Amino acid sequence: QQQVKQSPQSLIVQKGGISIINCAYENTAFDYFPWYQQFPGKGPALLIAIRPDVSEKKEGRFTISFNKSAKQFSLHIMDSQPGDSATYFCAASSTGGFKTIFGAGTRLFVKA
Amino acid sequence: EAEVAQSPRYKITEKSQAVAFWCDPISGHATLYWYRQILGQGPELLVQFQDESVVDDSQLPKDRFSAERLKGVDSTLKIQPAELGDSAMYLCASSPGLGADLGYTFGSGTRLTVV
């Protein structure tokens, strides 16, 4: 129940294309869903986050779509650029509890 | 921009030896986390501090791992004795307070290789 399942493991996208990464969770107590971006040799950095009271959040080229009934959420990267090549982690936590559970990660490669 | 400092960046140690990692969180951040990230996997929480107190160490292998944050500022994670399976990236993160929605700032990590 504590797991966050993330897919795909890896993704190759052409420059200018849309990258889509999906995550699913079981624990209905989760109420905060961040995405982190990690470059090689660096720690993860918070990219964008959403709460389940909204179905979509957009920040620049990055959009989170949230489906509360299906317990799924996804990250869409529009107009993908080579500089977006990184590993992306979805995560989930509950405001009452303090632990953040991370997905296994998706390695994105954007071809120039 | 404020950063979480970690040292060393890389550490190679023989199995059964002791190893220690250090973390200096962002100034004023009361909450400090140690995560372990095995290659190809997401970070897993080892221990969480609020000031100098442990909030959650349920996933810390206490027979060989210890963590402290004596003055509620910087923190040390120790492994003794190290085992081959401990090879991983050890990440420190800090946050202004409890509550995951405050967002974490991660350091660049310590890459540990046990040979």
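Here we summarise the structure given alongside this text. Values in this document were obtained by computation on a predicted structure and should not be read as measured data. (Residues numbered from 1 in each chain as written. Chains lettered and ligands numbered in written order. Predicted model: local features only at pLDDT ≥ 70, side-chain atom pairs only at ≥ 80, totals over all residues. Heavy atoms only, no water.)

### Let's talk about the nonpolar core
This is how it is decided: For the purposes of this section, nonpolar cores are sets of buried Ala, Val, Leu, Ile, Met, Phe, Trp, Tyr and Cys residues that join through side-chain atoms within 4.5 Å. When accessible area is computed with a 1.4 Å probe and restricted to protein chains, residues below 20% of their type maximum are described as buried, those above 50% as exposed, and intermediate ones as partly exposed. We count a stretch as a helix when DSSP gives it H or I for four or more residues in a row; a strand needs E for two or more, and each element gets its number in order from the N terminus.
If you look at the biggest cluster of nonpolar residues, it comprises 25 residues, and the most contacted ones within it are V4, F33, W35, F73, L75 and Y88 of chain A. Listing elements by their share of this core, those giving two or more residues are β2 (10–14), β3 (19–25), β4 (33–38), β5 (45–50), β7 (62–67), β8 (72–77), β9 (86–93) and β11 (106–111) of chain A. Listed in part, the 20 residues of the second largest apolar core include V19, L46, L77 and V114 of chain B.

### Considerations on the interface of chain A and chain B
Stated formally: Should any heavy atoms of two residues lie within 4.5 Å, those residues are counted as being in contact. In the sections that follow, a salt bridge refers to a side-chain nitrogen of Lys or Arg positioned within 4 Å of a carboxyl oxygen of Asp or Glu. Between N or O atoms, a polar contact is any pair within 3.5 Å; within protein, one atom must be a potential hydrogen donor and the other a potential acceptor, and residues adjacent in sequence are included only when both atoms are from side chains. Under the scheme applied, nonpolar residues are Ala, Val, Leu, Ile, Met, Phe, Trp, Tyr, Cys and Pro; charged residues are Asp, Glu, Lys and Arg; polar residues are all the others, including Gly.
Every contact between the two is made by 18 residues of chain A and, on the other side, 24 residues of chain B. In this structure, the connection of chain A to chain B is made through 0 salt bridges. Inspection of the region where chain A meets chain B yields 5 residue pairs in polar contact (both at pLDDT 80 or more). Sorting the residues of the side of chain A that touches chain B by element identifies β4, β9 and β10 (100–102) of chain A as the ones contributing at least two each. Across the side of chain A that touches chain B, the residue classes break down as 8 nonpolar, 7 polar and 3 charged.

### Side note on the state of the cysteines
As a reminder of what qualifies: Here, the term disulfide refers to a pair of cysteine sulfur atoms separated by no more than 2.5 Å.
Considering all chains together, one arrives at 2 disulfides over all chains under this definition. Paired by a disulfide, C23 of chain A and C90 of chain A hold their sulfur atoms 1.9 Å apart. The chirality of the disulfide connecting C23 of chain A with C90 of chain A is left-handed, given an S-S dihedral of about -95 degrees. With C23 of chain A in strand β3 and C90 of chain A in strand β9, this pair connects stretches of sequence that are 67 residues apart. Grouping residues by exposure puts C23 of chain A and C90 of chain A together as buried. Each sulfur in the disulfide pair C23 of chain B and C92 of chain B lies 1.9 Å from the other. As the torsion about the S-S bond is roughly -65 degrees, the C23 of chain B-C92 of chain B disulfide counts as left-handed. Taken together, the residues span a long stretch of sequence, with C23 of chain B in strand β3 (residues 19–24) and C92 of chain B in strand β9 (residues 88–95) at a distance of 69 residues. For C23 of chain B, a relative accessible area of 0% puts it in the buried group.

### Regarding unusual backbone geometry
Cis geometry marks the peptide bond from S7 of chain A to P8 of chain A, where omega comes out at -5 degrees. Residue placement: P8 of chain A occurs in the loop between β1 (4–7) and β2. Between Q80 of chain B and P81 of chain B the backbone carries a cis peptide bond, its omega angle lying at 0 degrees. Backbone geometry places D51 of chain B, a non-glycine residue, at a positive phi of 55 degrees. Look at D51 of chain B and you get partly exposed, because its relative accessible area is 35%.

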